[in-house]
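Report on the structure
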Amino acid sequence: MNLPKLIITDIDGVWTDGGMYYDQTGNEWKKFNTSDSAGVLFCKKLNIPVCIITGEDTEIVKRRSDKLKIEYLYQGISNKLKVASDLCAKLNIDLSDVAYIGDDLGDVELLKAVGFSCAPNNASSYIKEFVHYVTRKNGGDGAFREFVEHVLLQSVSIEKLIND
């Protein structure tokens, strides 16, 4: 596998456990695992842009994306394949140059279209049938970081990832 030119990720069920928490005043909460931020850091070290495409549209995801300085954020998206295709055209790359991790029905078309696809361990079994790799970790437990490490270590040494 060649080094991807773009990493795309879903959020709910990948960076989170898929749970949505609400308090009595209507606030929504999501729990992120900080180990996933290392996946973004590794991509930055190798100048690989990261893109979030999610069906949800929340300030929480925007804040997480801003904090990690993620290059591309698309929220409230129902057709993830179209958004990814448009971004690839903008970056002058092909979908075969993309690695993507997703976990649910809205991810299937994009999982099937990219060069390398992945799902977290706790994704439904029928989603896992469409991917090249299934993480050992569940969504919300560092699955994004494991995905990135798996993809990058096919082409780059661990020393380059941690020492550069």
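Use the structure listed above.
What this report covers is the structure whose coordinates are included nearby.

Reading the values: the criteria
Residues numbered from 1 in each chain as written. Predicted model: local features only at pLDDT ≥ 70, side-chain atom pairs only at ≥ 80, totals over all residues. Heavy atoms only, no water. Salt bridge = Lys/Arg side-chain N within 4 Å of Asp/Glu carboxyl O. Helix = DSSP H or I, 4+ residues; strand = E, 2+ residues; numbered from the N terminus. Buried < 20%, exposed > 50% of the residue type's maximum accessible area, 1.4 Å probe, protein only. Contact = heavy atoms within 4.5 Å.

1. Quick notes on the pattern of salt bridges
The full count for this structure, using the stated rule, is 10 salt bridges. For the salt bridge of Lys 80 with Asp 107, the shortest nitrogen-to-oxygen distance reads 2.7 Å. Note that Lys 80 is positioned in helix 3 (residues 80-91) and Asp 107 in the loop between strand 6 (98-101) and helix 4 (108-113), a separation of 27 residues in sequence. Summarising the burial analysis for this pair, Lys 80 and Asp 107 share the class buried. Residues Asp 86 and Lys 82 are paired through a salt bridge, measuring 2.8 Å at the closest nitrogen-oxygen approach. Separated by 4 residues within a single helix, Asp 86 and Lys 82 lie in helix 3, roughly one turn from each other. Residue class for Asp 86 comes out partly exposed when judged on its relative accessible area of 42%. A residue is classified by how much of its surface remains accessible, and Lys 82, at 46% relative accessible area, is partly exposed.

2. Quick look at the environment of Cys 51
Along the chain, Cys 51 falls in strand 4 (residues 50-53). Along the primary structure Cys 51 and Ile 127 are separated by 76 residues, whereas in three dimensions their C-alpha atoms are 21 Å apart. The residues touching Cys 51, leaving out its near neighbours within four places in the chain, are Leu 6, Ile 7, Ile 8, Thr 9, Ile 70, Tyr 72, Tyr 74 and Leu 87.

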